[in-house]
Amino acid sequence: MKASELFDSARLEALAKGDEALLMQYDRCGLLIAPGETAEEFAARLKKLYGALKTLESELKNGAVCEVSPGIRIANSMQIPSAVVQEALSVTEKLYDVRTDWVPGFFANESFGMLWGGCSLSDPESGLALFIIRKNFRQRQNWLFYNRRELLAHEMTHAAHQVFDQWLFEEYFAYRTAESRSRKFFGGCFIHKYDALGFLLPILLVPIAQFLNILDILPLPMRVFWILSAVYPLFLCIRTCWINRLAAGARNTLQKRGIKQADAVLFRMSVEEIKLLASGKLPQGSDLRWKLLNKRLSTEVDHADR
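All of these numbers come straight from a predicted model, not from anything done at the bench.

The rules behind the values
Residues numbered from 1 in each chain as written. Predicted model: local features only at pLDDT ≥ 70, side-chain atom pairs only at ≥ 80, totals over all residues. Heavy atoms only, no water. Helix = DSSP H or I, 4+ residues; strand = E, 2+ residues; numbered from the N terminus. Expected span 1.5 Å × (residues − 1). Buried < 20%, exposed > 50% of the residue type's maximum accessible area, 1.4 Å probe, protein only. Contact = heavy atoms within 4.5 Å. Pairing = 2+ DSSP bridges. Phe/Tyr/Trp six-rings, centres within 6.5 Å; stacked < 30°, edge-to-face > 60°. Core = buried A, V, L, I, M, F, W, Y, C linked by side-chain atoms within 4.5 Å. Axes fitted to C-alpha atoms, helices over the stretch in contact; angles between N-to-C directions. Salt bridge = Lys/Arg side-chain N within 4 Å of Asp/Glu carboxyl O.

**With respect to helix 4 (residues 39–61)**
With 23 residues, helix 4 extends 33 Å between its outermost C-alpha atoms, agreeing within 8% with the 33 Å of an ideal straight helix rising 1.5 Å per residue. Within the sequence span of helix 4, burial applies to A39, F42, A43, L46, L49, A52, L53, L56 and L60. The positive-phi residue at the C-terminal boundary of helix 4 is G63, with phi of around 90°.

Structure below.
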């Protein structure tokens with residue numbers, strides 16, 4: 001569905017009245033209903049989002065260079081073509097039944113280092129989401145260990161899931177878009193911004209300590225540094241195994257009930273609900289989000305309204 005159709009005033013009025021068929025269409029566009037959100041609040045949020053999208057579009061068309069985050073600037077000439085975005089939509093649709101083609105994407109104007117692939121940004125106030133990938137992907141599918149389609153699907157997953165302000169499964173869902181099992185696992189290890197620092201800092205201290213020992217500047221017990229260098233990576237792996245086990249347990253509970261798109265259901269659940277599912281119990285709710293979830297929890301989901 002095009003952005004002009006998504007934010008049509010007549011459609012928003014129907015959403016505010018709780019039209020469930022229309023709500024399901026928006027749900028499949030990656031405009032998910034937040035826990036406890038009413039139909040009126042959802043429609044009002046989309047209206048605010050549309051205003052932010054139109055403002056951004058107008059500024060870019062007028063030639064402005066917008067700084068959307070410190071050090072990150074975007075321009076109309078750097079917008080990712082629709083044909084490129086389409087590469088990733090089939091990935092998110094297959095996994096989570098979402099196609100976030102309303103989210104604007106851009107190639108980065110700046111250089112962010114050799115290992116930087118991309119990022120997603122969102123404004124909690126307006127709900128505006130966008131994603132940035134390195135400009136090398138303008139002409140190529142692969143860069144180092146990154147794949148353009150995989151990277152776009154990863155960032156689109158973040159954009160669709162932004163209504164859930166919970167960190168535990170955020171990277172798990174995003175890295176489910178990876179083709180490699182190793183990327184799915186090790187990518188999901190780094191959840192918080194300090195995880196990479198906790199991983200690298202003790203490892204970098206090992207050669208420094210070794211250097212000080214060799215030069216006899218400061219005798220240090222190397223065994224302690226080797227142990228320290230392994231502690232945080234081990235913690236990250238254990239935490240990721242726990243998260244994956246919770247998700248697998250929740251998925252198995254749904255699949256035993258005959259739910260074919262189990263990941264799509266989990267994607268729309270809170271952390272507490274996923275944990276309850278992992279224990280073998282089916283969570284329940286009565287808000288608007290759960291009205292749509294109950295449609296997905298039916299063993300015969302009606303896709304006629306696609």
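Anyway, onward from the coordinates.
**Some points on helix 9 (residues 195–214)**
Between its terminal C-alpha atoms helix 9 stretches 30 Å, which fits the 28 Å expected from 20 residues at 1.5 Å a residue. Those residues of helix 9 not exposed but buried are D195, G198, P202, V206 and A209. Check the buried side of helix 9 and you find it contacts helix 10 (222–256). D216 sits one or two residues past helix 9 and shows a positive phi near 55°.

**Some words on the pairing of strand 4 (residues 118–122)**
As paired strands, strand 4 and strand 5 (residues 129–133) are joined by five bridges and run antiparallel to one another. Paired with L121 across the bridge in strand 5 is L130. Hairpin connection of strand 4 to strand 5: six residues between the antiparallel strands, including G127 at a positive phi of 85°.

**What about the packing of aromatic side chains?**
Any pair of aromatic rings gets described here by the distance separating the centres and the angle formed by the planes. Under the criterion given, the structure shown has 11 aromatic pairs. Considering the side-chain rings of F145 and Y146, the 4.8 Å spacing of their centres and the 45° angle between planes classify their relative orientation as tilted. Relative accessible area serves as the criterion here: at 48%, F145 is assigned to the partly exposed category.

**Notes on the nonpolar core**
As a rule of thumb, soluble globular proteins bury nonpolar side chains together. Ranked by internal contacts, the top residues of the largest apolar core, which has 82 residues, are L15, L46, I132 and F169. Among the elements that make up this core, the one with the highest residue count is helix 4 (nine residues). Sequence-distant contacts of F169, that is, excluding residues within four places in its chain, are made with I243, L246, A247, V271 and I274.

**Considerations on the sheet that holds strand 4**
Across the sheet, three strands lie side by side as 3-5-4; this open sheet has mixed pairing. Both edges of this open sheet fall to strand 3 (105–107) and strand 4, since each of them pairs with a single strand only. The average undirected angle you get between the axes of adjacent strands in this sheet is 20°. Alignment of strand 3 against strand 5, held across three bridges, turns out to be parallel. Bridged to F107 within strand 5 is I133. Sheet contacts for helix 6 (residues 148–160): strand 4 and strand 5; angle to strand 5, the most-contacted strand, approximately 155°.

**Looking at the pattern of salt bridges**
Counted by the stated rule, this structure contains 17 salt bridges. Across the salt bridge formed by R268 and D27, the nearest N and O atoms sit 2.8 Å from each other. Of this pair, R268 sits in the loop between helix 11 (262–267) and helix 12 (271–278) while D27 sits in helix 3 (residues 20–28), and the two are 241 residues apart along the sequence. Like R268, the residue D27 is buried in the burial classification. Where R239 meets D195, a salt bridge forms, and the shortest distance between an N and an O atom there is 2.6 Å. A residue pair is termed long-range when its members are at least 10 positions apart, and R239 in helix 10 and D195 in helix 9 qualify at 44 residues. Comparing R239 with D195 shows no difference in burial state: the two are buried. Connected via shared salt-bridge partners are D27, R28, D97, R268 and R296.

Read these as layout, nothing more, since geometry by itself doesn't imply function.
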